[in-house]
Every structure is written in C-alpha cells, then in structure tokens.
Amino acid sequence: MASNPQDEVRRAFQNLLQAYMQENRAAFMRLVSDNFEGNESALEDAITDDFRYLDNIRIDSQISRVAQFDRSFEVYFTFNRQVTSTRSGKVLRDAAASTVSFVRESDGFKLSRMAAPLIFGLSGASEVATAVTAQSVGTTV
C-alpha cells in the first residue's frame, strides 16, 4: 500500500526532532534539503552551537496540520521546549507555534524552510529563519 505523503512528512518532522534531541548533528543535517531556503551552513553552525550551549533538550510538539503548496509541504505545529543551559545550569522553558516546510527528494522528505520562532538552530536565528510565523506565541529560550 502506498504511503500518504502527509504521513511521510510527519515522520520526517519526527525524525528531525529525534536527531536534534539526541544532539546528532550528522543525522539532523542528512534530513535537510540541499535546496534549504536559509543559509545551510549557518543552520549547521547554529545547531552545533545549540548542542554546545544547551543540554537535556526536550521538545514536545503537536502538529496541527500539514498542507501541500505546489511541491512543498508546510507543517504547522506548536511545541513546548525544555533545555538546560550549559553555562548557568538553569533549566529554561518556552512554548511557541511555528511552521517548517519539507520537499520530496530522491531519498525522502527533507527540511527546506523554517519560520521563526525556530524550533531548531536557536543560536543563529537571524541567518536560519526565512519567515516569521504570524500566529507565533511564546518566549525565546
């Protein structure tokens, strides 16, 4: 039975979350499109810095919908994030609503675009985000 593209996109998003929470930069970057709309090297630098400055990354997300626009799929979601600062040892929490986009490539769906507030790459938000989610809520970690 053929898989539903929206289900595949949901799985791709979950795989990104898992790689990020496991602080696995290589696995995360394999899930990013070569045609990422932001600066791909800035994204890689930003998640590397996230992993340097944040520990015990926990993100609970809830996808509200997946919508197809031409060749891309937009994932609309909310999330609650908890991290520990490696500098201060403080536990930091935030919650927000945002969007990410995926495109189908030969080896599956890949991240092609992220809107602020960012769920990944917090350390380089100005170079990574390509849009700002209109209904964004929450506070920055």
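1. Considering the overall build of the protein chain
Part 1 of the argument: When helices and strands are counted, the protein chain shows four helices and five strands.
Part 2 of the argument: The linear arrangement of helices and strands in the protein chain, starting from the amino end, is α-α-α-β-β-β-β-α-β.
Part 3 of the argument: Here the protein chain holds 141 residues, and the buried ones make up 45% of them.
Part 4 of the argument: For the protein chain, the exposed area adds up to about 7,500 Å²; of that, 44% sits on carbon and sulfur atoms.

2. Some remarks on the nonpolar core
Part 1 of the argument: Core analysis: the largest hydrophobic core is formed by 36 residues, its most contacted members being Phe13, Phe28, Leu43, Val75, Phe102 and Leu111.
Part 2 of the argument: Breaking this core down by element, the ones donating at least two residues are helix 1 (5–21), helix 2 (25–30), helix 3 (40–53), strand 1 (54–69), strand 2 (72–85), strand 3 (91–105) and strand 4 (108–116).
Part 3 of the argument: Broken down by element, the residue count for this core peaks at eight residues, all from helix 1.
Part 4 of the argument: Each residue touching Phe102, except ones within four places of it in the same chain, is listed here: Val9, Ala12, Phe13, Leu16, Arg71, Ser72, Phe73, Val75, Phe109, Lys110, Leu111 and Ser112.

3. Details of the environment of Phe120
Part 1 of the argument: Looking at the secondary structure, you find Phe120 in the loop between strand 4 and helix 4 (125–128).
Part 2 of the argument: Since its relative accessible area comes to 0%, Phe120 is described here as buried.
Part 3 of the argument: Considering only alpha carbons, one finds Phe120 and Asp50, 70 residues apart in sequence, at a separation of 8.2 Å.
Part 4 of the argument: Phe120 has contacts with Leu16, Leu17, Tyr20, Phe28, Asp50 and Met114, leaving out every residue within four places of it along the chain.

4. Regarding unusual backbone geometry
Part 1 of the argument: With an omega dihedral of 5°, the bond running from Ala116 to Pro117 counts as a cis peptide bond.
Part 2 of the argument: Looking at the element boundaries, Pro117 is found in the loop between strand 4 and helix 4.

5. Let's talk about the packing of aromatic side chains
Part 1 of the argument: Tallied over the full model, the rule gives seven aromatic pairs.
Part 2 of the argument: Members of the aromatic cluster, joined through ring pairs, are Tyr20, Phe28, Phe51 and Phe120.
Part 3 of the argument: Across the ring face of Tyr53, the terminal group of Arg87 is positioned such that the distance to the ring centre comes to 4.3 Å.

6. Regarding the pattern of salt bridges
Part 1 of the argument: For the structure on display, the rule yields eight salt bridges.
Part 2 of the argument: Notably, a salt bridge pairs Glu8 with Arg104, separated by 3.3 Å at the nearest N-O pair. Within this pair, whereas Glu8 is found in helix 1, its partner Arg104 is found in strand 3, the two being separated by 96 residues in sequence.
Part 3 of the argument: Across the salt bridge formed by Asp107 and Lys110, the nearest N and O atoms sit 3.1 Å from each other.
Part 4 of the argument: Using a relative accessible area of 56% as the deciding quantity, one classes Asp107 as exposed.

What counts as what
- What you see as residue numbers is a count from 1 along each chain, following the sequence as written.
- In keeping with the model being predicted, local features are shown solely for residues with a pLDDT of at least 70 and side-chain atom pairs are shown and tallied solely at 80 or more, while totals for entire chains, interfaces and linings include all residues.
- Only hydrogens and water are set aside; all other atoms, that is, all heavy atoms of the structure, feed into the side-chain values.
- Segments assigned H or I by DSSP are reported as helices when at least four residues long, segments assigned E as strands when at least two residues long, and all are numbered from the N terminus.
- Relative accessibility thresholds used throughout: buried, under 20% of the residue-type maximum; exposed, over 50%; partly exposed, between the two (1.4 Å probe, protein chains only).
- Only the protein chains shown count as cover for residues, and all accessible areas are computed by the Shrake-Rupley method using a 1.4 Å probe.
- Within this scheme, the nonpolar core is defined by two criteria: the residues are buried Ala, Val, Leu, Ile, Met, Phe, Trp, Tyr or Cys, and they are joined through side-chain atoms within 4.5 Å.
- Contact criterion: two residues are considered in contact whenever any of their non-hydrogen atoms come within 4.5 Å of each other.
- When two rings of Phe, Tyr or Trp (its six-membered ring) have centres within 6.5 Å they constitute a pair, described as stacked for plane angles under 30 degrees, edge-to-face for angles over 60, and tilted for the intermediate range.
- For a lysine, the NZ atom is tested; for an arginine, the CZ atom; a charge sits over a ring if that atom is within 6 Å of the ring centre and within 35 degrees of the ring normal.
- What makes a salt bridge here is a side-chain nitrogen of Lys or Arg within 4 Å of a carboxyl oxygen of Asp or Glu, nothing more.

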